[in-house]
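Remarks on the overall topology
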Amino acid sequence: MLDIKFIVENPQLVKNACKVKNEPDYVDEIIELQEKRCTLIAKRDSMRSKLNDFSKEISRLAQQKEDLTEIKTHAKEISDTVKVLENELKGIEEKRDLLLLKVPNIPRENVPEGTSDKDNVIIRQWGVQKQFDFKVKDHLQLNEMLKLFDPPTGAKLTGSFFPLYTDRGARLVRALINLMLDYHTHEGKYIEILPPIIANTESLIGSAQLPKLEDDMYKLNREEYFLIPTGEVPLINMHRNEMLKESDLPINYCAYTPCFRREAGSYGKETKGLIRLHQFNKVELVKFVHPDNSWKALEELLEDIEKILQLLELFYRINLLCTADLTFASAKTYDIEVWAPGTGKWLEVSSVSNTTDFQARRMNTRFRPKNGGKPQYVHTLNGSGTAIPRIIIAILENYQNNDGSITIPETLSKYYGDKLIEIQ
RNA sequence: GGAGGGGUGCCGGAGCGGUCGAACGGGACGGUCUCGAAAACCGUUGUCCCCUUUGGGGACCGAGGGUUCGAAUCCCUCCCCCUCCGCCA
């Protein structure tokens, strides 16, 4: 959420953000409601002030056992007026707040202008593209031989795109989760959290999935509960409605969680195998930082995640997203894409964002500056560290041998407990 | 699931219709004292909103309604926490 005062003072800037992010523009409406609100508050407060005077007077007269009938009648009239004004005000505030939740964050810090993902900018790549002296297979063909996951059985249990991992596939998932968590938590860099994977409405508003993405999430029968679409939701909301100390910052959390996405309307697009799923596993990283440090923190977060891909020796590139590709809450985002030679595509395995104070304002997460002074909103950042299924695709396709077996990258083999996945 | 007890400021904890933005204690901060520190003593200690902004006014005691001239205090709904019993991985 943006500061209402900022919107009033910089309408053009906000309108532009709506435009480049392809969000509806409610700025004029919001400003109009805000002006109405101020007028109404002024009226209401002056009436209330009057009413308070009457109340004090009644209290005084009551002690002297005077007749209160007349003055009470008068006070009642004022009280009724206050109530009318209050109702009107409530309506206006509700409308304003609903619209405020729909205004996106503003792109910042040299985010390239653009109209589609074609305008994203590759800022660097790491590793080397593997050359094969045989015809490479994609992860689905490899899975035919390896039997690591079993889509039909997953579909029987739940539905399509709810994969079931079996035997060595299940072990591979577990090994990856452990590798990532161990790396991120070493020397206490990130604090490991195992959160609930169901979140309430307040949490989803806080991290800014709601109201926009309601249809992309699984909603439980109980109206106010959703399956989390990302571990970011519980992690970011841990400090909702809290006043932190400046000395608490930065706070770094990481968590493994399953993630649930309806992917409504995305059928037909990258729907083969493990690329796009309704349920997948992910290790998520989140940072709460001092506003002065958030741009530096974004670079650090990016490096922390890159390190995972380096440990796995995967060929990847960093994509700086242009304005059109930025998510609703983000001020600046890097995507990390890993090369999948069998699929012949770059796969997005992580998205790393600085939301500045956008989520913090929604959540009311502030800190008190050391030197006294007014509380300030923290800045929050999030990044996948990383999404497991696409990493599995990358590992299978990059580390495949001629016969279809997979050589496990060295760092991972310690976790997996073997150096090779043989065909069955 | 059943029966009770609670949610108050940075923390603990009083208040149970007006004099309460809230006693008292702790913490933190400032000062006195000290070579310095501790102790002791004195003082300070919220957030948000509106306006004609060195000033004035309003709101906030889990959330939302209600009663009343007036609600932290009374009534209703919801949320959360604790204790006991039952059930259970």
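Residues numbered from 1 in each chain as written. Chains lettered and ligands numbered in written order. Predicted model: local features only at pLDDT ≥ 70, side-chain atom pairs only at ≥ 80, totals over all residues. Heavy atoms only, no water.

Notes on the packing of helix 5 (residues 139-146) against helix 12 (residues 388-398)
At a closest axis distance of 9 Å, the pairing of helix 5 and helix 12 adopts a crossing angle of 80°. With respect to helix 12, the axis of helix 5 lies roughly perpendicular. Here H139, L142 and L146 of helix 5 lie close against helix 12, whose contacting residues are I393, L396 and E397. For the contact of helix 5 with helix 12, the class distribution of residues is four nonpolar, one polar and one charged. (Axes fitted to C-alpha atoms, helices over the stretch in contact; angles between N-to-C directions. Helix = DSSP H or I, 4+ residues; strand = E, 2+ residues; numbered from the N terminus. Parallel < 35°, antiparallel > 145°, perpendicular 65-115°, else oblique. Contact = heavy atoms within 4.5 Å. Nonpolar A, V, L, I, M, F, W, Y, C, P; charged D, E, K, R; others polar.)

Thoughts on the sheet that holds strand 7 (residues 279-289)
Read from one edge of the open sheet, eight strands run 1-8-9-10-13-7-6-2, paired in mixed fashion. Each edge of the open sheet carries a strand with a single partner, namely strand 1 (121-126) and strand 2 (191-193). Taken pair by pair, the neighbouring strands of this sheet meet at an average axis angle of 25°, ignoring direction. (Pairing = 2+ DSSP bridges.)

Considering the pairing of strand 13 (residues 379-387)
Burial of strand 13 is extensive: nine of the nine residues sit out of reach of the surface. Judged from the three bridges that link them, strand 10 (residues 345-354) and strand 13 form a sheet pairing that is antiparallel. Counterpart to V352 in the pairing with strand 13 is G383. (Buried < 20%, exposed > 50% of the residue type's maximum accessible area, 1.4 Å probe, protein only.)

Concerning the domain arrangement of chain A
Domain boundaries in chain A define domain 1 (4-100) and domain 2 (117-421). One C-alpha centre belongs to domain 1, the other to domain 2, and the line joining them spans 44 Å. (Domains from an automatic or database assignment.)

Notes on the protein's contact with RNA strand B
In the neighbourhood of RNA strand B, 24 residues make up the surrounding shell, with D45, R48, S55, S79 and R366 lying closest. Near the protein, meaning within 4 Å, the atoms of RNA strand B are sugar or phosphate in a fraction of 76%, with bases accounting for the rest. At 3.4 Å, a side-chain N or O of K90 approaches a phosphate oxygen of RNA strand B. Those elements that provide at least two residues to the surface near RNA strand B are helix 3 (27-63), helix 4 (69-100) and strand 11 (365-368). Its residues placed into classes, the surface near RNA strand B shows seven nonpolar, six polar and 11 charged. (Near = heavy atom within 4 Å. Polar contact = N/O pair within 3.5 Å; in protein donor to acceptor, adjacent residues only side chain to side chain.)

Here we look at the pattern of salt bridges
Inspection of the entire model under this criterion finds 17 salt bridges. For K15, the salt bridge is made with D25, and the minimal N-O distance between the two is 3.2 Å. With K15 in helix 2 (residues 11-20) and D25 in the loop between helix 2 and helix 3, this pair connects stretches of sequence that are 10 residues apart. Using a relative accessible area of 37% as the deciding quantity, one classes D25 as partly exposed. (Salt bridge = Lys/Arg side-chain N within 4 Å of Asp/Glu carboxyl O.)

Some words on the packing of aromatic side chains
Summed over the entire model, instances satisfying the criterion amount to eight aromatic pairs. Between Y253 and F288, the ring centres sit 6.1 Å apart and the planes meet at 80°, which makes this aromatic pair edge-to-face. Note that Y253 is positioned in strand 6 (residues 251-260) and F288 in strand 7, a separation of 35 residues in sequence. Owing to a relative accessible area of 8%, Y253 belongs among the buried residues under this scheme. Given the relative accessible area of 0%, F288 is considered buried. Through a chain of ring-to-ring contacts, three or more aromatic side chains come together here, namely F315, W339 and W346. (Phe/Tyr/Trp six-rings, centres within 6.5 Å; stacked < 30°, edge-to-face > 60°.)

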